Amino acid sequence: MLDNNDHSTPDGGTTRRRFMEATGGIGLSAALGGYLASEPVRAKRTSERVRTLVSEMSLREKIGQMTQVAAYEVGDDPTAFFEEYQPGSLMYATTDDPVGLAEDVNELLDASIEAQPHDVPFVFGIDAVHGNNNLDGATIFPHNHGVGATWNEEYARRTAEHTSETLRATGTHWTFSPVADLQRDPRWGRFYEGFSEDPYLSSRMVAEKVRGYERRESGYKAAGATIKHFAGYSEPRHGDDRTPALIPYRTFRHAHLPPFHAGICAGAETVMVNSGSVNGVPAHASKELLQDILRDELGFEGLVVSDWHDFYRMVAVHGFADDVKEAVRLGINAGIDMYMVPAADIESDTVDTYQTYLRELVESGEIPTDRVDDAVANVLAFKEALGLFEDPYADPGRASEVGGGARDLAYEVAADSVTLLQNDGTLPFDPEVGTVLVTGPSADDVANMMGGWTLGWQRVGETLPPAVTPLDGIETAVGDATNVVHEPTGLHEFDNESAVREAASDADAVVAVLGEGPYAEEHGDTDTLELPAAQRELVRTLDSVGTPFAGVIFAGRPRGTDVFDRLPAAVMAYLPGTMGGTAVADAVFGNVNPAGRLPFTWPAGTGQLLNVHNAYPPELFGTGETPPTSTQEPLFPFGHGLSYTEFEYEDLRVDPATIPAERANRRIVTSVRVTNVGSRSGDHVVPVYAHRRGGAIPSPMTEVIGFDRASLDPGESTRVNVRASIAQLATVPGDVFSKDELRVLPGEYAITAGDWEEERTLTVV
Ligand code: BGC
């Protein structure tokens, strides 16, 4: 039996991936290693078992391993299905019965192993992206943009650890998570699935989420992680999902790749490919992306899985291939190891057509057998890493115990994500305030606090996940003497204005919970960041009443523009999941002092896109010197987040102050003294930002290179030491279309910390 804790292969060789895992992810290399230095490309070494299996398997078996189908396609006669197609992977199940799921998967495993000549089990995958979100009763954690706002990657790891525990107990070996796509365009319907617009913050989160899912249990990885969607998926030019992205090489290398690289360094077993096209080429057909960059430069040695029906999309959406057979040829040759051909809903793209095409293409020599062997080895090595050859089964006894745990963790993450956007002193409300009106469309709506990918793709259905809504949370947070009144409104309707007006006049405080309904993928694309008219009207009404009021926003992106002119206080609560209502109530009533910081820029409207914090100069915002024809001042800048207390900074130091360019990955310590000068205890996140001053190739205006946090009582002071590296600022030198290697350029780098404008200089010689 293989000892998968050992970082060497059975041959005694060390694979590059295991080397990277063993030596640590982000610290060494997240944005740097693989593409700053040209790391030697080690030959991939597969285990003896995998090599033997590949050498013994028939073409039919190999094609099977390269196939992933939805479990619901298996039908009533699993044996017949498995004998016919021998799929290497099944995916997808939503259930209210964890024990039943574990038992069903076990039964399917029996049937598939029976049908597979070499007894190879399938690997079962699902989108468990914020908790085991397909399992009724499972605790739902905040979506990733909320986790990003905590600036605490421990949460990414701990939520993933809990998720992988519940996955494995219910027979699920693989989750299609985390999203490593940068979140720079809030029009895009998948904005909330990623962590941040900043490559470094995203990288740290992605790495820990991978480690959490892939924690080791009995020597094997508990579940496989998927970093997706490789690469450039999040920046379709006009904001709509799966439409063409046009990304300059420099931006692609510098900004889009680091989170993927961090995930690879953390050991991610699988990568899912971008469904869109980048610079005119569908990612699924791109050898440059899937071989040259992913394999050769970033050092990925695991399994590359396609996205849903994407060979078909190469024909029907991108018009890149004439027919699906041609797309299969292009895709497999480009480097796809396993095709997600989930359902038989598209006649020209079923498990049957795919397997037939693949066979014909291999037999005609259009797909080399080496490529097939390589793909199958990747699939089998993944199964080996998960221990599936030893024991693929779930223990139904454990399945009954897993649902609903980790609520404290769900609360902590949600509470630490809450970001105080503005406050004229209205918040926090006094728990003994008298009468509180809780209103707005999301005050008591579970679906709106969950977002998409929660017991359903677009929204929760009939059964709701466990949840504390803001109304529930506020009822608990306030004192006995406080009376809570609820007057619901709709996301798009406001037909009870007089009732709301009257209730607000009678109240001593009003909490309006605003925002978006749930959505996923293209259904969430939007051309506006304004809140719907009904909600703006609600805010106008509350404003005209004059009772102290605060807005809370549940949304998958920076949603809301002009409403902030009329909100005395506002908090962003993202899509906080099960414990969101408690987190919001505790923040609004002061049991918790908000410490979240925006992991993205909050634009004043779509006209400002994509003016993110790490765009190239000239700086169009933040200077107060915006060009007269342009209104580029964002509503709230990247990293923004207020507190009920105040923090002051002193004595910023950078050590060392000079480093040689060839040692740019060396740790620098930026330290600053932070004092809580207010009257409440509070947490304070200190991001360290850097940019290169001047030089031939512009440096993005500001980028995060490290961060840490402090917890301070009133009057307390501490020195926050942030270990950072300017390796993140490596750029592609050269002219407009240069494809040079990424390098940290000599020059002066300005370093700042947190909310302070004071700068220190780091000189790279
Ligand atoms: C999404 C992927 C997801 C897959 C499987 C696709 O539509 O783009 O992110 O993992 O479906 O559900």
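Predicted, not measured: the structure shown is a model, and the values here were computed from it.

Caption draft 1: Quick look at the environment of N333. Following the sequence through the fold, N333 ends up in helix α14 (residues 324-334). Separated by 108 residues in sequence, N333 and P441 have C-alpha atoms that sit 50 Å apart. For N333, the residues in contact, after removing those within four places along its chain, are K287, V328, E366, I367, P368 and R371. Here E366 takes part through its backbone oxygen, which lies 3.0 Å from a polar atom of the side chain of N333.

Caption draft 2: Region of the structure containing the site of the ligand. Taken together, the residues surrounding the ligand are M91, D127, F176, R190, K228, H229, R242, M272, D307, W308, M340 and E521. One of the side-chain N or O atoms of D127 is found 2.4 Å from an oxygen atom in the ligand. Between the ligand and K228, the relevant distance is 2.9 Å, taken from an oxygen atom to a side-chain nitrogen or oxygen of the residue. Taken by itself the ligand offers 310 Å² of open surface, and the protein chains cover 96% of this. By residue class, the composition of the shell around the ligand is 5 nonpolar, 1 polar and 6 charged.

Caption draft 3: Here's a closer look at the sheet that holds strand β14 (residues 435-440). An order of β13-β18-β17-β16-β14-β15 is seen for the 6 strands of this open sheet, with the pairing classed as mixed. The sheet terminates laterally at β13 (419-423) and β15 (483-488), the two strands that pair on one side only. When the angles between neighbouring strand axes are averaged without regard to direction, this sheet yields 20°. Looking at chain direction, strand β16 (residues 509-515) and strand β17 (residues 549-554) are connected through 6 bridges and run parallel. When the sheet's bridge partners are listed, V510 is paired in β17 with F549. Running at roughly 150° to β14, helix α21 (residues 497-506) makes contact with β14, β15 and β16 of the sheet.

Caption draft 4: Expanded view of the domain arrangement of the chain. You can read the domains of the chain as domain 1 (4-400), domain 2 (419-595) and domain 3 (645-764). The C-alpha centroid of domain 2 is placed 37 Å from the C-alpha centroid of domain 1. Tallying the contact residues gives 30 residues for domain 1 and 29 residues for domain 2. Note that E521 and R190 form a salt bridge whose closest N and O atoms lie 3.7 Å from each other. At the junction of domain 1 and domain 2, the tally comes to 20 residue pairs in polar contact (both at pLDDT 80 or more). Grouping the amino acids of the side of domain 1 that touches domain 2 by side-chain chemistry returns 11 nonpolar, 11 polar and 8 charged.

Caption draft 5: Representation of the pairing of β17 in the model. Burial analysis of β17 places 6 of its 6 residues in the buried class, which makes it a mostly covered element. Side-chain alternation along β17 places F549, G551 and I553 on one buried face and A550, V552 and F554 on a second face that is also buried. Handedness of the β16-helix α22 (residues 533-545)-β17 crossover: right-handed. Looking at chain direction, β17 and strand β18 (residues 569-574) are connected through 5 bridges and run parallel.

Caption draft 6: Region of interest: the side chain of T226. Summarising the element assignment, T226 is placed in strand β7 (residues 226-230). For T226, a relative accessible area of 0% corresponds to the buried category. Side-chain polar atoms of T226 contact the side chain of W174, separated by 2.7 Å. Looking at T226, its side chain comes within polar contact range of the side chain of T270, at 2.6 Å. Once you skip the residues sitting within four places of it in the chain, T226 turns out to touch W174, T175, F176, S177, P178, T270, V271 and M272.

Caption draft 7: Focus on the sheet that holds strand β11 (residues 303-305). Read from one edge to the other, the open sheet built from 3 strands follows the order β7-β8-β11, with strand pairing classed as parallel. At either end of the open sheet lies a strand with only one pairing partner, and these are β7 and β11. Strand after strand, the sheet turns through a mean of 25° between neighbouring axes, direction not considered.

Caption draft 8: Main features of the nonpolar core. Counting residues in hydrophobic clusters, the biggest one holds 97 residues, and the most contacted among them are F230 and F311. When residues in this core are grouped by element, the largest group, 7 residues, is from helix α10 (residues 199-213). Looking at which domains feed residues into this core, each of domain 1 (4-400) and domain 3 (645-764) supplies at least three. Residues in contact with F230, not counting those within four places in the same chain, are L257, F260, V271, M272, V273, N274, A283, L289, L290, I293, L294 and L298.

Caption draft 9: Here's a closer look at the layout of surface pockets. One number sums up the size of the largest pocket: a volume of about 1,200 Å³. Along its surface, the largest pocket is lined by 44 residues, and Y689, G754, D755, W756 and E757 are the ones closest to its centre. Elements supplying a minimum of two residues to the lining of the largest pocket: β19 (647-655), β22 (682-692) and β25 (747-753). With 6 residues, β22 is the single largest residue contributor to the lining of the largest pocket. The volume enclosed by the second largest pocket comes to roughly 420 Å³. Around the second largest pocket sit 17 residues that line it, and I247, P248, Y249, N279 and K739 are the ones nearest its centre. Mapped onto the lining of the second largest pocket, the elements with two or more residues apiece are α11 (249-265) and α12 (287-297). Each residue belonging to the lining of the second largest pocket can be placed in one class, and the counts come to 11 nonpolar, 3 polar and 3 charged.

Caption draft 10: Region of interest: the pattern of salt bridges. On inspection of all chains with the given rule, the structure shows 45 salt bridges. Between D310 and R313 there is a salt bridge; the shortest N-O distance is 2.9 Å. Note that D310 and R313 are positioned in helix α13 (residues 310-316) at a spacing of 3 residues, about one turn of the helix. Accessibility expressed as a relative area gives 1% for D310, which makes it buried. Of the residues examined, R313 reaches a relative accessible area of 16% and is grouped as buried. A salt bridge links R557 to E516; the nearest nitrogen and oxygen atoms lie 2.8 Å apart. One end of the pair, R557, is in the loop between β17 and β18; the other, E516, is in the loop between β16 and α22, and 41 residues separate them in sequence. By the burial criterion, R557 is buried, and E516 matches it. Put simply, R190, E193, D241, R242, D307 and E521 are held in one network by salt bridges that share partners.

Conventions adopted
- Residues numbered from 1 in each chain as written.
- Predicted model: local features only at pLDDT ≥ 70, side-chain atom pairs only at ≥ 80, totals over all residues.
- Heavy atoms only, no water.
- Helix = DSSP H or I, 4+ residues; strand = E, 2+ residues; numbered from the N terminus.
- Contact = heavy atoms within 4.5 Å.
- Polar contact = N/O pair within 3.5 Å; in protein donor to acceptor, adjacent residues only side chain to side chain.
- Near = heavy atom within 4 Å.
- Areas by Shrake-Rupley, 256 points an atom, 1.4 Å probe, with all protein chains shown as cover.
- Nonpolar A, V, L, I, M, F, W, Y, C, P; charged D, E, K, R; others polar.
- Pairing = 2+ DSSP bridges.
- Axes fitted to C-alpha atoms, helices over the stretch in contact; angles between N-to-C directions.
- Domains from an automatic or database assignment.
- Salt bridge = Lys/Arg side-chain N within 4 Å of Asp/Glu carboxyl O.
- Buried < 20%, exposed > 50% of the residue type's maximum accessible area, 1.4 Å probe, protein only.
- Right-handed = clockwise from strand over helix to strand, strands pointing away.
- Core = buried A, V, L, I, M, F, W, Y, C linked by side-chain atoms within 4.5 Å.
- 1 Å grid on protein atoms, 1.4 Å probe; cavity = no way out; pocket = protein on both sides within 12 Å on 5 of 7 lines; lining within 4 Å.
- Points joined across faces, edges and corners; volume = space filled by probe spheres on them.

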